[in-house]
Amino acid sequence: MEVKKPAIRSMKYDEFKNNDYLQRMVDELNRDGAGVVIGTVDQLIEWGRSNSLWSLTFGTSCCAIEFMALGAARYDMARFGFEVTRNSPRQADMIMVLGTITYKMAPVLKRLYDQMAEPKYVVAVGGCTISGGPFIKSYHVVNGIDKIIPVDVYIPGCPPRPEAFYYGMMQLQRKIKVEKFLGGVNRQEKNPDSQKENGK
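A quick note: this is a predicted structure, and the numbers were derived from the prediction, not measured. (Residues numbered from 1 in each chain as written. Predicted model: local features only at pLDDT ≥ 70, side-chain atom pairs only at ≥ 80, totals over all residues. Heavy atoms only, no water.)

Got a sec to walk through the packing of aromatic side chains? Specific residues and values, please.
One pass over the full model with this rule turns up 1 aromatic pair. Centre to centre, the rings of Phe 67 and Phe 165 are 5.9 Å apart; their planes meet at 45 degrees, and the pair counts as tilted. Placement of the pair is Phe 67 in helix 3 (residues 62-68) and Phe 165 in helix 6 (residues 162-177), with a sequence separation of 98 residues. Assessed through its relative accessible area of 8%, Phe 67 is described here as buried. Looking at Phe 165, the relative accessible area reads 0%, which means it is buried. Residue placement shows Lys 120 over the ring face of Tyr 113; its charged tip is 4.1 Å from the ring centre. (Phe/Tyr/Trp six-rings, centres within 6.5 Å; stacked < 30°, edge-to-face > 60°. Helix = DSSP H or I, 4+ residues; strand = E, 2+ residues; numbered from the N terminus. Buried < 20%, exposed > 50% of the residue type's maximum accessible area, 1.4 Å probe, protein only. Lys NZ or Arg CZ within 6 Å of the ring centre and 35° of its normal.)

Laid out in structure tokens, this is it:
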């Protein structure tokens, strides 16, 4: 059987920036049986990062028990690529806060977040984490961890069902896939020095 080899001619530099020309060239090569897929390095990196999220679990109450159900055979979070949970912030991509955060616990949460390497993400799970839940008017519970650390995804519920966990995690995966790994700014951190200069 004779295999048809695609003929690839040399390209001018300007044609590399022309997406229409590149798409026509890929279509022509695929018609000849080359099997070419085009994309960017950013897309490849973010595809890998979004499908291998390692979480630092910070479970303080009943939402953590619900999260444990995800690792069992019925829900099997390994299918989505975030089955690896870490106990060290230096090995984690995101911190999943599960449950009530008291003012006594808040400095520990902030320290763990600061020890994580960039890029890092925060998932707030359950009513207690998001807004204080039934303890919203108490003297000792933080009314939302977004007062301490920036939150990327909120998963509401008391506690949320495993399906809600999956939906929230898939939202985080979608968010990571559209980020720019090579250049560009994805998140604006508040800079207290710039606020003082602006008189705020």
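Okay, back to it.
So what's going on with the environment of Phe 135? Which residues, and what values?
Looking at the element boundaries, Phe 135 is found in the loop between helix 5 (127-131) and strand 5 (153-155). Exposure remark for Phe 135: the relative accessible area of 36% places this residue in the partly exposed category. Note: C-alpha distance between Phe 135 and Thr 102 (33 residues apart in sequence) is 9.9 Å. Ignoring any residue separated from it by four or fewer positions in sequence, one finds Phe 135 in contact with Thr 100, Cys 128, Val 141 and Asn 143. (Contact = heavy atoms within 4.5 Å.)

Help me get a handle on the sheet that holds strand 5, residues and values and all.
Two pairing modes exist for strands in a sheet, parallel and antiparallel, and in both the strands are linked by backbone hydrogen bonds. One open sheet accounts for 5 strands, arranged 2-1-3-4-5; its pairing is parallel. Whereas interior strands pair on both sides, the edge strands pair on one side only; in this sheet they are strand 2 (85-86) and strand 5. Relative to strand 5, strand 4 (residues 121-125) runs parallel, the two being bridged by 3 bridges. Pairing of Val 125 across the sheet is with Ile 155, part of strand 5. (Pairing = 2+ DSSP bridges.)

Give a detailed account of helix 4 (residues 106-115), specifying residues and quantitative values.
For helix 4, the complete set of buried residues consists of Ala 106, Leu 109, Leu 112 and Tyr 113. All buried residues of helix 4 project into a common sector of 125 degrees when viewed along the axis, lining one side. Elements in contact with the buried residues of helix 4: strand 1 (55-59), strand 3 (94-98) and strand 4. (Arc of directions from axis to C-beta.)

Can you lay out the UniProt feature "binding site: [4Fe-4S] cluster" (unreviewed entry) in the protein for me, pointing to particular residues and giving the numbers?
Per the UniProt record, "binding site: [4Fe-4S] cluster" (unreviewed entry) is found at Cys 62, Cys 63, Cys 128 and Cys 158. Considering the C-alpha atoms alone, the annotated residues occupy 97 residues of sequence yet fold into one spot, their largest mutual distance being 9.9 Å. With respect to the element layout, Cys 63 can be found in helix 3. Taking the relative accessible area as the measure of exposure, Cys 63 reaches 6% and is therefore buried. Discounting residues that sit within four places of it in the chain, Cys 63 has contacts with Leu 98, Gly 99, Val 125, Gly 126, Pro 159, Pro 160 and Phe 165. (UniProt positions renumbered as here; feature names shortened; annotations may be inferred.)

Please give an account of unusual backbone geometry that cites residues and values.
With omega at -5 degrees, the peptide bond leading from Glu 118 into Pro 119 counts as cis. Checked against the element boundaries, Pro 119 lands in the loop between helix 4 and strand 4. In this structure, the amide linkage connecting Cys 158 to the following residue, Pro 159, adopts the cis form with an omega of -15 degrees. Considering the arrangement of structural elements, one finds Pro 159 in the loop between strand 5 and helix 6.

I'd like a rundown of the environment of Leu 56, residues and numbers included.
Positionally, Leu 56 belongs in strand 1. Along the primary structure Leu 56 and Arg 86 are separated by 30 residues, whereas in three dimensions their C-alpha atoms are 5.0 Å apart. Once residues within four sequence positions are removed from consideration, Leu 56 is found in contact with Arg 86, Asn 87, Ser 88, Pro 89, Ala 92, Met 94, Ile 95, Met 96, Leu 112 and Met 116.

I'd like a description of the nonpolar core, backed by residues and values.
Formed by 21 residues in total, the largest nonpolar core has its most connected members in Met 96, Leu 98, Val 123, Val 125 and Leu 172. When contributions to this core are tallied by element, the ones reaching two or more residues are helix 3, strand 3, strand 4, strand 5 and helix 6. Take this core: its biggest share by element is 5 residues, from helix 6. Setting aside residues up to four positions removed in sequence, Leu 98 forms contacts with Thr 57, Phe 58, Gly 59, Thr 60, Ser 61, Cys 63, Ala 64, Phe 67, Val 125, Thr 129 and Phe 165. (Core = buried A, V, L, I, M, F, W, Y, C linked by side-chain atoms within 4.5 Å.)

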